[in-house]
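Examining the three-dimensional arrangement
Chain by chain, the residues run as shown.
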Amino acid sequence: MSDPATPPRSLAEALRARDDASLAVLLRSRPDLITPVPTDLTQLATRAGTRASVVRALERLDRFALQTAQALAVAADPATYDELLGLLTGDEGDPVVAGALPQALGTLRDQALVWGGDDRLRLVRTARELLAPSPQHPSPTGLGPTVQEATAGMSPGRIQEIVTTAGLPSTHDAVSAVASLTALFGDRRRMAALLADAPEESREVLARLVWGPPYGQVTADPAPRLRWLLDRGLLLPTAPGTVVLPREVALHLRAGRAHRTTEPLPPPVEPAATHRPQVVDTTAAGQAYTALATVEELLKDWDEGGPAVLRAGGLSVRDLKRTAVALDVPEPVAAFWVELAYAAGLLASDGEADERYAATPAYDEWLEQPPAQRWARLAEAWLTATRTAGLVGGRDAKDRTLSALGPGLDRSAAPEVRHRVLTLLAGLPEGASPSAESVLARLRWERPLRGPQQDDDLRSRLARWTLDEAELLGVTGRGALSAQGRALLGARPPEPVPEEPVGPGDKLPVHHRPTPAPEPLSPAEQAAATAAAARLLAPLLPEPLDHVLLQADLTAVAPGPLQRPLAAMLGVLADVESKGGATVYRFTPGSVRRALDAGRSASDLHAFLAEHSRTPVPQPLAYLIDDVARKHGHLRVGAASAYVRCDDDAVLNEILADKRAAGLRLRRLAPTVLAAQADPAALLEGLRALGFAPAAESAEGDVLITRADAHRTPPRTAPEPVPDGPPTPDATLLTAAIRAIRAGDLASTTPRKPSATAAPVAGGELPRTTSAETLATMQAAVLTGEALWIGYVNAEGAASQRVIAPVRVEGGFVTAYDHTADEVRTYPLHRITGVAELADDQI
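As the structure is a prediction and not an experimental result, all values here were calculated from the model.

What follows concerns empty space enclosed by the protein. Considering all chains together, one arrives at five cavities of 30 Å³ or more under this definition. As a volume, the largest cavity reaches approximately 90 Å³. Taken together, Phe-336, Glu-339, Leu-340, Ala-343, Trp-382, Ala-385, Arg-387, Thr-388, Ala-389, Arg-418 and Glu-469 form the lining of the largest cavity. When residues in the lining of the largest cavity are grouped by element, the largest group, four residues, is from helix 18 (residues 331–343). Within the lining of the largest cavity, the residues separate by chemical class into six nonpolar, one polar and four charged.

So this is what it looks like as structure tokens:
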């Protein structure tokens, strides 16, 4: 075991010195490290240094933590805390940076990107390779290579010339010459004296290169201003025609700063407007009601079978346009509602040969729930979905158009961005709505490596879509987070924090420190938060009405939301003409015929209108119903291929004489029967277009009643979100993983007693002993109570090292307390590869 007082010599030793709480922080922030659980701390350290894992960890750093890592990448290895602070603050110092640095460095240590004490800070090698400057991958610091790196291929004679021209004494070898030149460039006083003699044109060249990129082009015969710099090593050649500004020179010209602008504090999310919280909540509730009505209208429109599914999956552009027209919204908004209903499990493809989209059985269950619970289901589905409606209409990597409900719309970062945007809104005073730019700026500071520094990177687009979609859904009202939106997050109203000054040497006050984003809620916590949001929304939604106002112009006005049976019947009997605070329905011959086709009689319609109208039924409406009912069913259409029959042969003569009926290809079979070379549905539509009111009949001659809600898909589950890497482990998994890693590390690092018969074991290999020696050692350990180190191969062939305390040996099995699993287990002796005694006082 390592001595706690001895500085760690490797990342594995640094991890070995951590307590369980510190290891839990590491594994929670980098869950890929325990997928699967490492066998010991050495394997954990190896995994933490792999390129894929380090890249993933760097992508999750905020800007200042990343700048700290970048500064360490250009510092000496190892570096001291003071050297790191100097690179971030410069010669003049910065109390805010000094106050923020301990937390940023602590974040890097927690995530095992930096290890070692403050006197020997080391960036893990993979992170240094990723962040250190190179011609192929310039550093964000804008710094170039060191003098030692830039002169690696230079002849010793040329190096001595540079040293002499710079005013330094010549040395006996190139190594000491480079060290002398490095010391000169790192000495502020001597460098100031050297640059004081530089021509003005030469100083202008340095000024152009100082903040990067540090590379420049020169000709075979450089100009005098460049020759002066080259002769003194202030510019060094890296390739024919290319020169570079050495890192030490750039740092002197920058007054020691590694970055042009250091950003220790996250940019604040600025309120653009402030509204009364009651106004925000009522506005959001109105949007929530509109959202419910829109989803209902969408699925009602698809009740008899929606658009066809494309061969590659998804909606066609034409069908999306039709849906947008039906909902009276732009196409991107229509795509959002379609995707939201799909994410909530309310619509899916029916899976039939002629595959179409339709409502699922879950939609009928959803309709029976109270409005607030229906909204909560939509809001929760939106918050956790990885499908991103904003991508519809764009192009994928193969330049194919992305369609609504089609493949390629999943973005694993979407739930995290939505959650973070709403959390930022929750941090503002109640009723405050932020500016979109301040939200985007904050997100870029929190994840600078997740995309290029421009407005069209994925996280910025996801954030913009989140702000728009939250308003459509009623999570926000007038741009501010509503009470139900706050409850959906499980967040509390913010508390005002008094301002505190930051002075030299002071640590950053709590309210100035960049706080990490809270972890998403567990499923149980999210269910409780969703229920709380529904309870808050319920009193704000309007009560459904049981009446309408009939008008003489064949319209009905619904002054608010209608009760479901009334709305359903009115939707069959009339067409929606306009929406808004009040919905206007218009009665037409076609709409009345639709109600008659659904099995209603004229007397039923008169009674329905008289019961639910606060005004008398207008005479024109009564005449319209009676007139359509008198003609309805006078003609009968059935399947022959199709036929028309009517007791009045004069009506059939009128149809045959009408030129518009030529496309139906009718011919008379009998005085009261016409045959058509068209299917019954086409014949029905054709006759209706001629002004008749035919009714469909069955093979037995009965009138067929059509219902709008006849088509449903088989039971379907909502689409599963695509995870953004391994899930964050819970406390139970962390405890078990840490215990297993500790025990495995104990098994691999505990000193063993030397054995005269056992074969020597290399690091990481299993012990090897004969069966007889294994049995004898086990039996002796039972008597003495000593712990043993064994190699074990399970039934699947997986090998592991374990530390056990044998309790009983019989029947070819050993029963022992397994320190690795922290429980009593039984092992077959034939699966134990070997055994070794532990040194004294190791368990």
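The structure having been displayed, the exposition proceeds.
So, about the packing of aromatic side chains. Scanning all chains against the criterion turns up four aromatic pairs. With centroids separated by 5.0 Å and ring planes inclined at 55°, the aromatic side chains of Phe-336 and Trp-337 adopt a geometry described as tilted. Relative accessible area serves as the criterion here: at 5%, Phe-336 is assigned to the buried category. In this structure, Arg-374 is placed above the aromatic ring of Trp-366, and the distance from its NZ or CZ to the ring centre is 5.3 Å.

Counting residues in hydrophobic clusters, the biggest one holds 88 residues, and the most contacted among them are Phe-185, Leu-234 and Leu-235. The element best represented in this core is helix 5 (residues 63–74), accounting for eight residues. Setting aside chain neighbours within four positions, we find Leu-234 in contact with Phe-185, Met-191, Leu-194, Leu-195, Leu-206, Trp-228, Leu-229, Val-244, Leu-245, Pro-246 and Val-249. By size, the runner-up hydrophobic cluster in this structure holds 73 residues, among which are Leu-298, Ala-341, Leu-405 and Leu-425.

Turning our eyes to something else, we now look at helix 26 (residues 564–573). Helical periodicity: at 3.6 residues per turn, an α-helix aligns residues three or four positions apart in one direction. Within the sequence span of helix 26, burial applies to Leu-566, Met-569, Leu-570, Gly-571 and Leu-573. Where helix 26 is buried, its residues touch helix 16 (277–301), strand 15 (583–586), helix 27 (589–597) and helix 28 (602–612).

By the bridge criterion, four bridges tie strand 17 (residues 642–645) to strand 19 (residues 673–676) in an arrangement that is antiparallel. Paired with Val-644 across the two strands is Leu-674, which belongs to strand 19. Where strand 18 (residues 666–670) lies against strand 19, four bridges are found, and the strand directions are antiparallel. The residue of strand 19 that forms the bridge with Ala-670 is Val-673. Here strand 18 folds back onto strand 19 in antiparallel fashion, the turn holding two residues.

Before going further, it helps to examine the sheet that holds strand 5 (residues 242–244). Here we have three strands laid out as an open sheet, ordered 3-5-4, and antiparallel in their pairing. The sheet terminates laterally at strand 3 (215–217) and strand 4 (236–239), the two strands that pair on one side only. Strand after strand, the sheet turns through a mean of 40° between neighbouring axes, direction not considered. Two elements, strand 4 and strand 5, share three bridges in a ladder whose sense is antiparallel.

Time to look at the confidence of the model for the protein. Do not read the predicted coordinates in detail wherever pLDDT is low. Averaged over the protein, the pLDDT score is 86; the fraction of residues at 70 or greater is 90%. Low confidence marks residues 451–455, where pLDDT is under 50. Its contacts with residues over four positions away, or in another chain, come to 12 contacts. Considering only residues more than four positions removed or in separate chains, one finds that residues 497–513, a stretch of pLDDT under 50, has 28 contacts.

Turning our eyes to something else, we now look at the environment of Val-54. Relative to the helices and strands, Val-54 is located in helix 4 (residues 51–59). Sequence-wise, Val-54 and Gln-111 are 57 residues apart; in three dimensions their C-alpha atoms are separated by 9.5 Å.

The next thing to look at is unusual backbone geometry. A cis amide bond links Thr-35 with the next residue in sequence, Pro-36, at an omega value of 0°. In this structure, Pro-36 sits in the loop between helix 2 (20–29) and helix 3 (41–48). Here the amide bond leading from Gly-212 into Pro-213 is cis, since omega sits at -5°, within 30 degrees of zero. Within the fold, Pro-213 resides in the loop between helix 13 (200–209) and strand 3. Its identity as a non-glycine residue notwithstanding, Ala-112 has a phi of 60°, on the positive side. Along the chain, Ala-112 turns up in the loop between helix 7 (95–110) and strand 1 (114–115). For Ala-255, which is not a glycine, the phi torsion comes out positive at approximately 60°.

Bringing the environment of Gln-103 into the picture now. Within the secondary structure, Gln-103 sits in helix 7. When its relative accessible area of 31% is taken as the criterion, Gln-103 is described as partly exposed.

Two elements, strand 22 (residues 799–810) and strand 23 (residues 813–818), share six bridges in a ladder whose sense is antiparallel. The residue of strand 23 that forms the bridge with Ile-804 is Asp-818. Joining the antiparallel neighbours strand 22 and strand 23 is a turn of two residues, in which Gly-811 adopts a positive phi near 60°. Note that strand 23 and strand 24 (residues 823–828) share six bridges and pair antiparallel. Opposite Val-814, over in strand 24, you have Tyr-827 as the bridge partner.

Another point: the side chain of Asp-281. Here Asp-281 is to be found in helix 16. Residues within four places of Asp-281 in sequence aside, it is in contact with Ser-482, Ala-483, Gln-484 and Leu-540.

Attention now goes to the pattern of salt bridges. Tallying each qualifying case throughout the model produces 34 salt bridges. For Asp-354, the salt bridge identified is with Arg-356, shortest N-O distance 3.8 Å. Between Arg-712 and Asp-364 there is a salt bridge, and its shortest N-O distance comes to 2.9 Å. One end of the pair, Arg-712, is in the loop between strand 20 (695–696) and helix 32 (731–749); the other, Asp-364, is in helix 19 (residues 361–368), with 348 residues separating them in the sequence. Taken together, the shared-partner salt bridges connect Arg-158, Glu-161, Arg-227 and Asp-231 into one network.

Conventions we followed
Residues numbered from 1 in each chain as written. Predicted model: local features only at pLDDT ≥ 70, side-chain atom pairs only at ≥ 80, totals over all residues. Heavy atoms only, no water. 1 Å grid on protein atoms, 1.4 Å probe; cavity = no way out; pocket = protein on both sides within 12 Å on 5 of 7 lines; lining within 4 Å. Points joined across faces, edges and corners; volume = space filled by probe spheres on them. Helix = DSSP H or I, 4+ residues; strand = E, 2+ residues; numbered from the N terminus. Nonpolar A, V, L, I, M, F, W, Y, C, P; charged D, E, K, R; others polar. Phe/Tyr/Trp six-rings, centres within 6.5 Å; stacked < 30°, edge-to-face > 60°. Buried < 20%, exposed > 50% of the residue type's maximum accessible area, 1.4 Å probe, protein only. Lys NZ or Arg CZ within 6 Å of the ring centre and 35° of its normal. Core = buried A, V, L, I, M, F, W, Y, C linked by side-chain atoms within 4.5 Å. Contact = heavy atoms within 4.5 Å. Pairing = 2+ DSSP bridges. Axes fitted to C-alpha atoms, helices over the stretch in contact; angles between N-to-C directions. pLDDT = per-residue confidence, 0-100. Salt bridge = Lys/Arg side-chain N within 4 Å of Asp/Glu carboxyl O.

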